[in-house]
Amino acid sequence: MSETRSDGELLRAAADGDRRAFEELYRRYAPWLTARLRGRCADVGVVDDVVQETFLAIWRGKARYREDGDVAGWLWRIGSRRLIDALRGDGARGRLRQALTRLRHRDEASAEERVLAGVEHGDLAGALVRLSPELRAVLQATVIDGLTTREAAVLLGIPPGTVKTRAMRARKQLREALT
């Protein structure tokens, strides 16, 4: 009977080129990461690509584990960032607009289209640009990406309380800028 290695041992061995360790790590975490990402994106193809890219980054040494947190949280940070990049790269707003256009045959802009136009070109866009990068990152994670406070904390590498505080400050600054 073989001895079960810890996640840290598997990562160290995979970083040294141990294919079996890498495969074990993949078997351990790929289904979990896939399920979590599918909760954020309904496109199964995009999610599968992101999971593959996440593990390829580990195998190729582009993602390094610092041994200061749990492996699942580290994988989630890598995978969720890659998912966000994939969705941005595919033009999520453009896909949303196309879907709305197919559903609506009137010339009148839908509420969703007006909101998106306001985000891209209106007062809200200006207010968002004036937020600090830290506050914008929290809004991106919690509002646009739909992450919970805890997930946003893992993604951003900050405590959950900091996420809550920054979200509150960002909302306050946006309210002041838009009134």
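For clarity, every value in this text was computed on a predicted model and none was experimentally measured.

What about the overall build of the chain?
The helix and strand tally for the chain stands at ten helices and zero strands. Ordering the α and β elements of the chain from the N terminus gives α-α-α-α-α-α-α-α-α-α. Put simply, the chain has 179 residues, and 32% of those count as buried. For the chain, the accessible area works out to roughly 11,400 Å², and carbon and sulfur atoms hold 51% of it.

Remarks on the environment of Arg20
Summarising the element assignment, Arg20 is placed in helix 2 (residues 19-38). For Arg20, a relative accessible area of 67% puts it in the exposed group. Separated by ten residues in the primary sequence, Arg20 and Leu10 have C-alpha atoms spaced 8.8 Å apart.

Digging into the packing of helix 2 against helix 3 (residues 44-59)
Closest axis-to-axis distance for the helix 2/helix 3 pair is 10 Å, and the angle between their directions is 145°. Crossing hand, helix 2 versus helix 3: right-handed. For the pair formed by helix 2 and helix 3, the contact residues are Arg19, Phe22, Leu25, Tyr26, Tyr29, Ala30, Leu33, Thr34, Leu37 and Arg38 on the first element and Val44, Val47, Asp48, Val50, Val51, Gln52, Thr54, Phe55, Ile58 and Trp59 on the second. Of the residues contributing to the contact of helix 2 with helix 3, the split by class is 14 nonpolar, three polar and three charged.

A closer look at helix 3
When the terminal C-alpha atoms of helix 3 are compared, their 23 Å separation across 16 residues agrees well with the 22 Å that a helix rising 1.5 Å per residue should span. N-cap assignment for helix 3: the residue whose side-chain oxygen lies 3.0 Å from the backbone N of Gly45 is Asp43.

Looking at a negative patch on the surface
A cluster of like negative charges, contributed by Asp43, Asp49, Glu53 and Asp85, occupies part of the molecular surface. Within the secondary structure, Asp49 is located in helix 3.

Regarding the nonpolar core
Counting residues in hydrophobic clusters, the biggest one holds 35 residues, and the most contacted among them are Leu25, Tyr29, Leu37, Val51, Phe55, Ile58 and Leu75. For this core, the elements supplying multiple residues, two or more each, are helix 1 (7-15), helix 2, helix 3, helix 4 (71-89), helix 8 (133-144), helix 9 (149-156) and helix 10 (160-178). Residues contacting Leu25, with those up to four places away along its chain left out, are Leu10, Leu11, Ala30, Phe55, Ile58 and Val71. With six residues, the next largest nonpolar core counts Ala127, Leu131, Leu135 and Ala170 among its residues.

Here's the deal with the pattern of salt bridges
Overall, the coordinates contain six salt bridges when judged by the stated rule. Arg5 is the salt-bridge partner of Asp18, the closest N and O atoms lying 3.6 Å from each other. Taken as a pair, Asp18 in the loop between helix 1 and helix 2 and Arg5 in the segment before helix 1 lie far apart in primary sequence, 13 residues in all. Judged by its relative accessible area of 27%, Asp18 is partly exposed. Since its relative accessible area comes to 30%, Arg5 is described here as partly exposed.

Some points on the side chain of Thr54
Relative to the assigned elements, Thr54 resides in helix 3. Other than its neighbours up to four places away in sequence, Thr54 contacts Leu33, Leu75, Ile78, Gly79 and Arg82.

Structural notes on the packing of aromatic side chains
Applying the stated criterion to the full structure yields four aromatic pairs. Between Phe22 and Phe55, the aromatic rings sit 6.3 Å apart at their centres with planes inclined by 75°, giving edge-to-face as the arrangement. Of the two residues, Phe22 sits in helix 2 while Phe55 sits in helix 3, which places them 33 residues apart along the sequence. Phe55 shares its class with Phe22; the two are buried. For the pair Tyr29 and Trp32, a centre-to-centre distance of 6.2 Å together with 85° between the ring planes defines the contact as edge-to-face. Residue Tyr29 and its partner Trp32 are both found in helix 2; the two are separated by three residues, about one turn of the helix. Judged by relative accessible area, which is 12%, Tyr29 ranks as buried. In textbook terms, an aromatic cluster arises when at least three aromatic residues are bridged by ring pairs, as seen for Phe22, Tyr26, Phe55 and Trp59.

About the criteria used
Residues numbered from 1 in each chain as written. Predicted model: local features only at pLDDT ≥ 70, side-chain atom pairs only at ≥ 80, totals over all residues. Heavy atoms only, no water. Helix = DSSP H or I, 4+ residues; strand = E, 2+ residues; numbered from the N terminus. Buried < 20%, exposed > 50% of the residue type's maximum accessible area, 1.4 Å probe, protein only. Areas by Shrake-Rupley, 256 points an atom, 1.4 Å probe, with all protein chains shown as cover. Axes fitted to C-alpha atoms, helices over the stretch in contact; angles between N-to-C directions. Left-handed = near helix turned anticlockwise from the far one by under 90°. Contact = heavy atoms within 4.5 Å. Nonpolar A, V, L, I, M, F, W, Y, C, P; charged D, E, K, R; others polar. Expected span 1.5 Å × (residues − 1). Polar contact = N/O pair within 3.5 Å; in protein donor to acceptor, adjacent residues only side chain to side chain. Patch = residues over 30% accessible without salt bridge, like charges linked within 9 Å, V, L, I, M, F, W, Y side chains within 5 Å. Salt bridge = Lys/Arg side-chain N within 4 Å of Asp/Glu carboxyl O. Lys, Arg positive; Asp, Glu negative; His and termini not counted. Charge placed at Lys NZ, Arg CZ, Asp CG, Glu CD. Core = buried A, V, L, I, M, F, W, Y, C linked by side-chain atoms within 4.5 Å. Phe/Tyr/Trp six-rings, centres within 6.5 Å; stacked < 30°, edge-to-face > 60°.

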